[in-house]
Amino acid sequence: MRKTLFMICLAAFAMMTVGCDSSKTKDGKESKPEEEQAFADEADFEFTELKKVQLPCSKDSLYYAWKCIGVVDLQRKKTLDYKQHTPTLFLSTDLDDDGNPEVLLRGEPPYAAIYTFTKDSLHLVTFVNQAEMGLAITPDGTIIRNGIGTGGSTLSEFIRLEKSKEAASGAIRETFVIKDGTMVSGGMHYMLKNDTAMVEVSKEEYEKVAPQQAGTYLEDIDGWEDFRKP
């Protein structure tokens, strides 16, 4: 079953704090639980379909670029080692429709990376750097990264390409606190990239730049080819 990766990735977690019983409205009618309503709304989302283009480089070049990611050793978290894991699937597409291809690579979960190919060379756009992370693509080609932030917070980032370069990037981070024995939201933080650093902004500023569509997980997008075949 296909799944979508939401820009605000906390919905399912937040629902855990909501009772499972149906509540009643003022007119006495029972309303659906929030979780049930969320699944009903999911049917309205558009799944991402990527148009395939010719692979712009050799698989040897991709293999070498993948290995160059190396070892990702995050403190107190599972180490990821791209040197010891080989890519198994690839998909060549053009996320920003500029005529320069992007190549999506996947290995054994959770390993995945996205490259752009310009000026006869590969450039790493993003990759999975923690075991809990998921990568997704929206129908308009925006990349979404969903993972765990500091202190148990959840983090949902986006990267929008233009002319094969990062044109916009931002993130939503939600913290959680224990209140009356229940884990509840401790607040939402909205950030946009300014030069090289993420700067906190208002929700309104963030929404002017952020994608308005949900993304589809890489593993649920059609069209992948076997990287190991000649």
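Throughout what follows, the structure given in this document is the object of discussion. (Residues numbered from 1 in each chain as written. Predicted model: local features only at pLDDT ≥ 70, side-chain atom pairs only at ≥ 80, totals over all residues. Heavy atoms only, no water.)

### Comments concerning the overall build of the protein
Piece 1. Helices and strands together make up the secondary structure of the protein, namely four helices and 15 strands.
Piece 2. Expressed as a percentage of contacts within the protein between residues at least 6 apart in sequence, the contacts between residues at least 24 apart total 50%.
Piece 3. Put simply, the protein shows about 13,500 Å² of open surface, and 50% of that area lies on carbon and sulfur atoms. (Helix = DSSP H or I, 4+ residues; strand = E, 2+ residues; numbered from the N terminus. Contact = heavy atoms within 4.5 Å. Areas by Shrake-Rupley, 256 points an atom, 1.4 Å probe, with all protein chains shown as cover.)

### Looking at the pairing of strand S5 (residues 102–106)
Piece 1. Burial runs high along S5: five of the five residues are buried.
Piece 2. With burial as the criterion, each face of S5 is covered, one bearing Glu102, Leu104 and Arg106 and the other bearing Val103 and Leu105.
Piece 3. Pairing between strand S4 (residues 89–93) and S5: five bridges, direction antiparallel. Note that in S5 the partner of Ser92 across the bridge is Val103.
Piece 4. Bridge count between S5 and strand S6 (residues 112–118): five bridges; the pairing is antiparallel. Paired with Glu102 across the bridge in S6 is Thr116. (Buried < 20%, exposed > 50% of the residue type's maximum accessible area, 1.4 Å probe, protein only. Pairing = 2+ DSSP bridges.)

### Some points on the environment of Ala131
Piece 1. For Ala131, the location among the structural elements is in the loop between strand S7 (121–127) and strand S8 (134–137).
Piece 2. Look at Ala131 and you get partly exposed, because its relative accessible area is 29%.
Piece 3. Residues Ala131 and Tyr111, spaced 20 residues apart in sequence, show a C-alpha to C-alpha distance of 8.2 Å.
Piece 4. Here Ala131 is in contact with Lys78, Leu80 and Pro110, once residues within four sequence places are set aside.

### With respect to the pattern of salt bridges
Piece 1. Under the criterion given, the structure shown has four salt bridges.
Piece 2. Asp226 is paired through a salt bridge with Arg228; the nearest N and O atoms lie 3.1 Å apart.
Piece 3. We classify Asp226 as partly exposed; its relative accessible area is 25%.
Piece 4. A relative accessible area of 60% places Arg228 in the exposed class. (Salt bridge = Lys/Arg side-chain N within 4 Å of Asp/Glu carboxyl O.)

### So, the sheet that holds S6
Piece 1. Strands sit in the order S7-S6-S5-S4-S15 across an open sheet of five strands; the sheet is antiparallel. Because the sheet does not close on itself, it has two edges, and the strands there are S7 and strand S15 (225–226).
Piece 2. Note that S6 and S7 share six bridges and pair antiparallel. Directly across from Ala113, in S7, lies its bridge partner Phe127.

### With respect to the environment of Lys193
Piece 1. Tracing the backbone shows Lys193 in strand S12 (residues 182–194).
Piece 2. Lys193 gets classed as partly exposed once you look at its relative accessible area, which sits at 37%.
Piece 3. In the structure, Lys193 is positioned 26 residues away from Ala167 in sequence and 9.7 Å away in space, judged by C-alpha atoms.
Piece 4. Among residues more than four places away in sequence, those in contact with Lys193 are Glu166, Ser169 and Met198.
Piece 5. Within the local environment of Lys193, its side chain forms a polar contact with the side chain of Glu166, the two groups lying 3.2 Å apart. (Polar contact = N/O pair within 3.5 Å; in protein donor to acceptor, adjacent residues only side chain to side chain.)

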